[in-house]
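# Chains, contacts and geometry: an overview
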Amino acid sequence: MRSGYRKDPDLTDEATYEGVRSLSRRGLLRLTAGAGAGLAAGAGGALAAAPAEAAAGIVKPLPPELFIEHGTNAEMRWEAMRGQGLLTPADRFFVRNHVATPLIDARTWRLKLWGSGLRGAPTEERPVEFSYADLLRLRAETITAFIECTGNGRGFYTAQQGQAVSGTPWRLGGVGVARWRGVRLSTVLRLAGLTREAVDILPRGLDAEYVDKGENLGRVRRPLPVAKAMKDVLLAYEMNGAPLPPDHGHPVRLVVPSWTGIASIKWLGDVQVAAEPLFSPWNTRFYRLFGPGHPEEGSAPLTRTNVKSAFELPWDAPLPARAHVLRGRSWSGSGRIRRTEVSVDGGATWRPARILDRHPNPRGWVRWEFPWTPRTAGRYELLARSTDETGASQPATAPYNTLGYLFGAVVRHPVTIA
Ligand SMILES: Nc1nc2c(c(=O)[nH]1)N[C@H]1C(S)=C(S)[C@@H](COP(=O)(O)O)O[C@H]1N2
Ligand SMILES: [Mo]
């Protein structure tokens, strides 16, 4: 996103703020009608297609050829990206739900901002409010960015390193890249009267309260520094050119580029803005590194994701003994991928893959390919490792942490040549 920050009117001025925010009645009706029509097609279609016994709390269909179900979550099978363009279509984008997808009516939905970091310190009971139509009326921005779960690859701590960790044992399908359209969070924060004293915000979802081992932790919410909030965060209402689907945060979610997925709060309901640091279980008890080598209270809260690479192949793929072009993708929360290498002999020798995207998106992934003609039948392990623009690469082993976050080691992908 380009910075349009300075050109905006002085929105800390009350009159300007009201002028920009309030809609003419005609404009409001037009926007609401448009949004309503889009929603009927989007949400209604997904609901109608969902089988009655759909996985716990997920609205969209989860055909087994596209997804692996993990309780309230669904992981994308990597072969589902084969033949796709840069974007992950919504029908195969992974879903990570702490509880269940709520169905929210965009016409009555309001985004509420409150707290000591806003001018006049509006309270939670009397917040600054924005309707869906208000947001549609503000200048739209589009970004292409991945969202990746912090636990993506967690299953390999156990499968590859023999270590016990807690949490969903994802393979590498807890990631997707979409084109998100919405309003910059910075615009809305400034309209709401952000002060210089504000340091943290706390966006909170409208999904049900999360109960962890019998303890009610309240609704999903995770503090975000104001500095990141003002930099490149989007209040997204569209995904890949369609209204945000229910499972991905309808009507509005945050998209926090390059940061761990939990930052991108779905079904956004309210945002506390504070002049002091904020805490929730999602930046104290979860989403830090715990275990040997880490302080008792854990590492600093996790922010950027690490480098990963995946083949667009089924796990344990049976392949005929002939010429193949292996394809895959690599991504990093620290910027562009510069180099990808592949090994077809279990890591003994490596050769460069051909990067297919000439101008890699620092917030997305790159596609690559590698020709391979296996001569003998049997089981092989395919490995891919990448290096990003900061020089960060993928080690052979991921440093252990009890919650199994940030598995950035090279994954050994089994295939059988028949
Ligand atoms: N309100 C709310 N927001 C949420 C979550 C959630 O359970 N509730 N899960 C988070 C996590 S852990 C991830 S990885 C991403 C997943 O986004 P997706 O389901 O659209 O792929 O959403 C984040 N936002
Ligand atoms: Mo996540």
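Source: prediction; values computed, not measured.

What follows is about the overall build of the chain. Helix and strand content of the chain: 7 helices and 23 strands. A burial count over the chain gives 54% of its 418 residues as buried. Long-range pairs, those at least 24 residues apart, make up 72% of the contacts in the chain between residues at least 6 apart in sequence. Element-wise, carbon and sulfur atoms account for 53% of the exposed surface of the chain, whose accessible area totals about 17,900 Å².

Time to look at the site of ligand 1. Taken together, 19 residues surround ligand 1, and among them F94, D207, H248, R253 and K266 come closest. For ligand 1, a nitrogen atom lies 3.1 Å from a polar atom in the backbone of S264. Burial of ligand 1 by the protein chains amounts to 100% of its free accessible area of 530 Å². Of the residues in the shell around ligand 1, the class split is 9 nonpolar, 6 polar and 4 charged.

What follows covers the sheet that holds strand β10 (residues 224-225). The sheet built from 5 strands is open, its strands ordered β4-β3-β14-β7-β10 with mixed pairing. Each edge of the open sheet is held by one strand with a lone partner, namely β4 (128-131) and β10. Pairing between strand β3 (residues 110-114) and β4: 4 bridges, direction antiparallel. Across the sheet, R110 pairs through a bridge with S131, a residue of β4.

Turning our attention to the sheet that holds strand β17 (residues 324-331). Spatial strand order, β15-β17-β21-β20: 4 strands in an open sheet with antiparallel pairing. Both edges of this open sheet fall to β15 (308-311) and β20 (354-355), since each of them pairs with a single strand only. Where β20 lies against strand β21 (residues 365-372), 2 bridges are found, and the strand directions are antiparallel. When the sheet's bridge partners are listed, I355 is paired in β21 with W368.

Following the criterion strictly, the structure yields 16 aromatic pairs and no others. The interplanar angle of 15° and the centroid separation of 5.8 Å between the aromatic rings of W78 and W331 together place this pair among those described as stacked. Of this pair, W78 sits in the loop between β2 (73-76) and β3 while W331 sits in strand β17; the two residues are 253 residues apart in sequence, bridging distant segments of the chain. W78 gets classed as buried once you look at its relative accessible area, which sits at 6%. Among the residues examined, W331 registers a relative accessible area of 0% and is labelled buried. Here R385 stacks its cationic end above the ring of W350, 3.8 Å away from the centre of that ring.

Turning our attention to the pattern of salt bridges. One pass over the structure, following the stated rule, counts 21 salt bridges. Across the pair R139 and E141 runs a salt bridge, and its minimum N-O distance is 3.5 Å. Among the charged side chains, a salt-bridge network with shared partners connects D212, K213, E215 and R285.

Below, the discussion takes up the nonpolar core. In terms of nonpolar packing, the biggest core is built from 50 residues, with L111, L113, F130, V188, L189 and I201 touching the most fellow members. Of all elements in the fold, only β3, β4, α3 (132-137), α5 (185-191), α6 (226-232), β11 (234-239) and β14 (268-274) reach the threshold of two or more residues within this core. Here this core takes 4 residues from α5, the largest share from any one element. The residues that make up this core include at least three from each of domain 1 (9-153 + 162-284) and domain 2 (308-417). Apart from residues lying up to four places away in sequence, V188 is in contact with L111, L113, F130, L135, L138, V183 and L235.

Bringing the environment of Q394 into the picture now. Mapped onto the elements of the fold, Q394 is located in the loop between β22 (378-388) and β23 (413-417). On the basis of relative accessible area, Q394 is assigned to the buried category, the value being 7%. Placed 13 residues apart in sequence, Q394 and F407 show a C-alpha to C-alpha distance of 9.5 Å. With sequence-adjacent residues up to four places away left out, Q394 is seen in contact with V307, K308, S309, A384, R385, S386, G408, A409 and V410. A distance of 2.6 Å separates polar atoms of two side chains, one belonging to Q394 and the other to S309. There is a polar contact of 3.3 Å between the side chain of Q394 and the backbone oxygen of G408.

Another aspect to go through is unusual backbone geometry. Residue H250 is joined to P251 through a cis peptide bond whose omega torsion reads 10°. Tracing the chain through its elements places P251 in the loop between β12 (242-243) and β13 (253-255). Positive phi, normally seen in glycine, also occurs at N240, with a value near 50°. Here N240 shows up in the loop between β11 and β12. A positive phi angle is found at W267, which is not glycine, with a value near 45°. Residue position: W267 is located in the loop between β13 and β14.

Definitions and cut-offs
Residues numbered from 1 in each chain as written. Chains lettered and ligands numbered in written order. Predicted model: local features only at pLDDT ≥ 70, side-chain atom pairs only at ≥ 80, totals over all residues. Heavy atoms only, no water. Helix = DSSP H or I, 4+ residues; strand = E, 2+ residues; numbered from the N terminus. Buried < 20%, exposed > 50% of the residue type's maximum accessible area, 1.4 Å probe, protein only. Contact = heavy atoms within 4.5 Å. Areas by Shrake-Rupley, 256 points an atom, 1.4 Å probe, with all protein chains shown as cover. Near = heavy atom within 4 Å. Polar contact = N/O pair within 3.5 Å; in protein donor to acceptor, adjacent residues only side chain to side chain. Nonpolar A, V, L, I, M, F, W, Y, C, P; charged D, E, K, R; others polar. Pairing = 2+ DSSP bridges. Phe/Tyr/Trp six-rings, centres within 6.5 Å; stacked < 30°, edge-to-face > 60°. Lys NZ or Arg CZ within 6 Å of the ring centre and 35° of its normal. Salt bridge = Lys/Arg side-chain N within 4 Å of Asp/Glu carboxyl O. Core = buried A, V, L, I, M, F, W, Y, C linked by side-chain atoms within 4.5 Å. Domains from an automatic or database assignment.

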